[in-house]
Each structure stands twice: as C-alpha cells, then as structure tokens.
Amino acid sequence: MDEQKNETNGVRWEYIFVAFHPCDGNQRWTIRSQALLSDGGTKYDRLHVLCPTTKTERDFFFDITGYFGKL
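Residues numbered from 1 in each chain as written. Predicted model: local features only at pLDDT ≥ 70, side-chain atom pairs only at ≥ 80, totals over all residues. Heavy atoms only, no water.

1. Examining the packing of aromatic side chains
- With the rule as written, the count across this model stands at 5 aromatic pairs.
- Aromatic side chains F17 and F62 sit 5.7 Å apart centroid to centroid with 85° between the ring planes, which places their arrangement in the edge-to-face category. Taken as a pair, F17 in helix α1 (residues 7-19) and F62 in strand β3 (residues 57-63) lie far apart in primary sequence, 45 residues in all.
- On the basis of relative accessibility, which here comes to 26%, the residue F17 falls in the partly exposed class.
- An angle of 80° between the planes, with centres 6.1 Å apart, marks the rings of W29 and F60 as edge-to-face. Here W29 is found in the loop between α1 and β1 (30-39), whereas its partner F60 is found in strand β3, with 31 residues between them in sequence. We note that W29, like F60, is buried.
- The cationic tip of R58 hangs over the ring face of F60; the distance from NZ or CZ to the ring centre is 3.9 Å. (Phe/Tyr/Trp six-rings, centres within 6.5 Å; stacked < 30°, edge-to-face > 60°. Helix = DSSP H or I, 4+ residues; strand = E, 2+ residues; numbered from the N terminus. Buried < 20%, exposed > 50% of the residue type's maximum accessible area, 1.4 Å probe, protein only. Lys NZ or Arg CZ within 6 Å of the ring centre and 35° of its normal.)

And the structure:
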C-alpha cells in the first residue's frame, strides 16, 4: 500500500481500493460500516462490505497508523 500523508487521503485511498476490487464480476461492494480498531499501538480501519448480487459479506482492514490523526 502507498503510504498516505493524512487522514483525508488515506480514507479516500481505502474507498478507491475497495472500488477496484469488485465482488462479482463488475459489481462493486456496498460499504455497510466503517470502524476504527486498535491493537498494540497500531490503528486500523475496518470497512465491512456487502456484495449486492451474492449477499456475501466481508471485511477489509487497512493499517492507518502512519496517517491517523494527521490533517
């Protein structure tokens, strides 16, 4: 992953990443929720998604430690 300089660019990159990884052919994931997680000083964003055609759910995790809290 390319390291982002701030939260705005980082979150934008997460959504672009999910958009370019379709769930069923060309069908895009629908983002159901986003959560901030922490584990031993490392910060993560979890995007919980749903595939509209197959009803499959999954989570994408992004390490945001490098840009968390930066404007």
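2. Concerning the sheet that holds strand β2 (residues 42-50)
- Read across the open sheet, the 3 strands follow the order β1-β2-β3; overall the sheet is antiparallel. Two strands in the sheet have a free side with no partner beyond their single neighbour: β1 and β3. Strand-to-strand, the axes of this sheet are offset by a mean angle of 20°, without reference to chain direction.
- Here β1 pairs with β2 via 9 bridges, running antiparallel. Counterpart to T30 in the pairing with β2 is L50. (Pairing = 2+ DSSP bridges. Axes fitted to C-alpha atoms, helices over the stretch in contact; angles between N-to-C directions.)

3. Re the state of the cysteines
- In this structure the tally under the stated criterion is 1 disulfide.
- In this model, C23 is linked to C51 through a disulfide, with the two sulfur atoms separated by 2.2 Å. With the S-S dihedral at roughly 70°, the linkage between C23 and C51 falls on the right-handed side. Placement of the pair is C23 in the loop between α1 and β1 and C51 in the loop between β2 and β3, with a sequence separation of 28 residues. (Disulfide = S-S within 2.5 Å.)

4. Re the side chain of D45
- Relative to the elements of secondary structure, D45 occurs in strand β2.
- Salt bridges are absent for the buried D45, whose nearest opposite-charge side chain, R46, sits at 9.0 Å.
- In this structure the side chain of D45 is engaged in a polar contact, spanning 3.1 Å, whose partner is the side chain of Q34.
- When near neighbours in sequence (up to four residues on either side) are disregarded, D45 contacts V11, E14, Q34, A35, L36, F60, F61, F62 and I64. (Lys, Arg positive; Asp, Glu negative; His and termini not counted. Salt bridge = Lys/Arg side-chain N within 4 Å of Asp/Glu carboxyl O. Polar contact = N/O pair within 3.5 Å; in protein donor to acceptor, adjacent residues only side chain to side chain. Contact = heavy atoms within 4.5 Å.)

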